[in-house]
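# Structural overview for review
Spelled out from the first residue to the last, the chains are:
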Amino acid sequence: MNVDDGNIFFSAPVSAAQAGMRLDRFLRETVPGMSRSRLQKLIAAGYVSSDDNIITDNDFKVHSGDSFAIMVPPPNEAEPEAENIELEIVYEDDDLIVVNKPAGMTVHPAPGAYHGTLVNALLYHCRDNLSGIGGVRRPGIVHRIDKETSGLLMIAKNDAAHRSLSNQLKTHSVTRRYVALVHGVIPHVQGKIDAPIGRNPNDRQSMTVTRTNSKNAVTNFTVIKRYKNMSMIECRLETGRTHQIRVHMSYIGYPVYGDPKYGRRKDDFSYGQFLHAKKLGFIHPTTQKYMEFESELPDYFKEKLNELEEEIKDE
């Protein structure tokens, strides 16, 4: 793999022999054409992630099966600018902020999307009150959801809060519930999908269920409502793999409606995929009290559900 500026690259999965290595050393061995010092700078600046979680510690020890995304910025990339973009703020204090991200908004700047991101909006709203652990390109960003997924995200306003929230994500103690509209009428009320996920060898920008170079992934779901040809479900993740819900639901034959990568071509893609991060709960970094938040479904999501309700009535 040759490294070019302005692109995103993916490392090979960590082998059993490489488990326990420092992240910078592992990437140096698996990403040709890049010095260890440059890799260390990219890590510190928040350009390396795994399963949508930003890693900024060069001392991070890799685990067998891990894979990493490395964003290599253009040589003269400017720092993100503060932009007066409206934010739906669910909660805010001196340590953190919880926002309800709309579908269509990218979380942080990346090649081809340097403006209009959540980071641009946060820089305007919070000024200098954002954690620096994620680097200048991802200030305050602890975790991500896909551009076309709507819903709740937590952002750290100082480094102590960032470390606390990141650790909770790492130990899977954060409560996260998603609501999705999927194709097909699921006959059972509850289900559990236990299928490993890894990079698709034929398309490195997508994920797939595979036994090769993958990590365990578990999604639990409950059917909330059945329609004529669709089902609305709530998903609870035991793991946090990239595109996990989308990959798993497609794998069992019930792809998310409007999903441009794993869905069906006939879908309406004008709004985004019908996947919403509805519930978010965590231990507050300072008070140590559990906090939980919920957000309503977007209007377009509600309108689609109303259409489906009408179809049932017309039968």
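Structure report, in brief. Each residue is numbered by its place in its chain's sequence as written, counting from 1. Note on the predicted model: pLDDT of at least 70 is required for a residue's local features to be given, and 80 or more for side-chain atom pairs to be given and counted; whole-chain, interface and lining totals, by contrast, use all residues. Based on all heavy atoms of the structure, the side-chain values leave hydrogens and waters out of the count.

### Quick look at the overall build of the protein
If you tally the helices and strands in the protein, you get 6 helices and 16 strands. Each principal axis of the C-alpha atoms in the protein carries an extent, and together these give about 65 × 45 × 35 Å. Any residue under 20% of the maximum accessible area for its type is buried, any over 50% is exposed, and the rest in between are partly exposed; the area is computed with a 1.4 Å probe on protein chains only. Classification of the 315 residues of the protein by burial places 54% in the buried group. Taking as baseline every contact in the protein between residues at least 6 positions apart, the subset at least 24 positions apart corresponds to 66%. We get accessible surface area from the Shrake-Rupley algorithm with a probe of 1.4 Å; when it comes to residues, only the shown protein chains can shield them. Approximately 14,600 Å² of the protein is accessible, and the part contributed by carbon and sulfur atoms is 44%. Only four residue types enter the charge count: Lys and Arg as positive, Asp and Glu as negative, with His and the chain ends excluded. A charge is said to be at NZ when it belongs to Lys, at CZ for Arg, at CG for Asp and at CD for Glu. Of the side chains in the protein, 39 bear a positive and 41 a negative charge, and the two mean positions are spaced by 7 Å. Starting at the N terminus, helices and strands are each numbered in turn, a helix being any DSSP run of H or I of at least four residues and a strand any DSSP run of E of at least two. By definition in these notes, contact holds between two residues if any of their heavy atoms fall within 4.5 Å.

### Digging into the side chain of Gln18
As for its placement among the helices and strands, Gln18 is situated in the loop between β1 (7-10) and α1 (23-30). A relative accessible area of 16% places Gln18 in the buried class.

### A word on the pairing of strand β5 (residues 89-92)
The pairing of β5 with strand β6 (residues 96-101) spans 3 bridges and is antiparallel. Following the sheet pairing, Tyr91 is matched in β6 by Val98. Note: two strands are recorded as paired if DSSP finds a minimum of 2 bridges between them. Between the antiparallel neighbours β5 and β6 lie 3 residues.

### Some points on the packing of aromatic side chains
Any aromatic ring pair is given by two values, namely how distant the centres are and how the planes are angled relative to each other. Ring pairs are drawn from Phe, Tyr and Trp, using the six-membered ring of Trp, whenever the two centres fall within 6.5 Å, and their geometry is named by plane angle: stacked under 30 degrees, edge-to-face over 60, tilted for the rest. Per the counting criterion, the structure on display carries 8 aromatic pairs. Aromatic pair Phe274 and Tyr300: ring centres 5.2 Å apart, planes at 90°, arrangement edge-to-face. You can see Phe274 sitting in the loop between α5 (244-251) and β15 (275-283) and its partner Tyr300 sitting in helix α6 (residues 299-314), a full 26 residues away along the chain. Residue Tyr300 is classed as buried on the basis of its relative accessible area of 12%. Throughout this description, the term charge over a ring refers to an Arg CZ or Lys NZ atom that lies within 6 Å of the ring centre and within 35 degrees of the ring normal. The residue whose ring lies beneath Arg127 is Tyr124, and the NZ or CZ to ring-centre distance is 4.6 Å.

### Considering the pattern of salt bridges
Here, a salt bridge means any Lys or Arg side-chain nitrogen found within 4 Å of an Asp or Glu carboxyl oxygen. The final tally for this structure, using the stated rule, is 16 salt bridges. The partner of Asp24 in a salt bridge is Arg36, with the nearest N and O atoms 3.4 Å apart. Taken as a pair, Asp24 in helix α1 and Arg36 in helix α2 (residues 36-44) lie far apart in primary sequence, 12 residues in all. Judged by its relative accessible area of 35%, Arg36 is partly exposed. Note that Arg25 is salt-bridged to Glu29, the shortest N-O span being 3.7 Å. Remark: Glu29 and Arg25 occur in helix α1; sequence separation between them is 4 residues, near one turn of the helix. Each of Arg22, Asp24, Arg36 and Asp59 takes part in a single network of salt bridges with overlapping partners.

### Side note on the packing of α1 against α2
Two quantities define a packed helix pair, namely the angle between the axes and the distance from one axis to the other. Orientation is described by axes fitted as lines to C-alpha atoms, over the contacting stretch for helices, and by angles from 0 to 180 degrees between their N-to-C directions. One way to put it is that α1 packs onto α2 with a least axis distance of 9 Å and a crossing angle of 125°. Considered as vectors, α1 and α2 are oriented oblique to each other. Every pair of crossing elements has a handedness; the one defined by α1 and α2 is right-handed. Mapping the contact onto sequence places Leu23, Asp24, Arg25, Leu27 and Arg28 in α1 and Arg36, Leu39, Gln40 and Ile43 in α2. With respect to orientation, any angle under 35 degrees is reported as roughly parallel, any angle over 145 as roughly antiparallel, any angle of 65 to 115 as roughly perpendicular, and every other angle as oblique. Take the far helix as the reference: if the near one is turned anticlockwise from it by less than a right angle, the crossing is left-handed, and if turned clockwise, right-handed.

### Description of the nonpolar core
Counting 33 residues, the largest nonpolar core has Leu118, Leu122, Ile155, Val182, Ile186, Ile233 and Met249 as the members making the most contacts within it. Those elements that place two or more of their residues in this core are β6, α3 (118-126), β7 (150-156), β8 (175-183), β13 (218-226), β14 (230-237), α5 and β15. Looking at which element gives the most residues to this core, the answer is α3, with 6 residues. Not counting residues within four places of it along the chain, the set of residues in contact with Ile233 comprises Tyr178, Val179, Ala180, Val182, Ile186, Phe221, Thr222, Val223, Ile224 and Met249. Joining through side-chain atoms within 4.5 Å is the link that ties buried Ala, Val, Leu, Ile, Met, Phe, Trp, Tyr and Cys residues into a set, and such a set is a nonpolar core.

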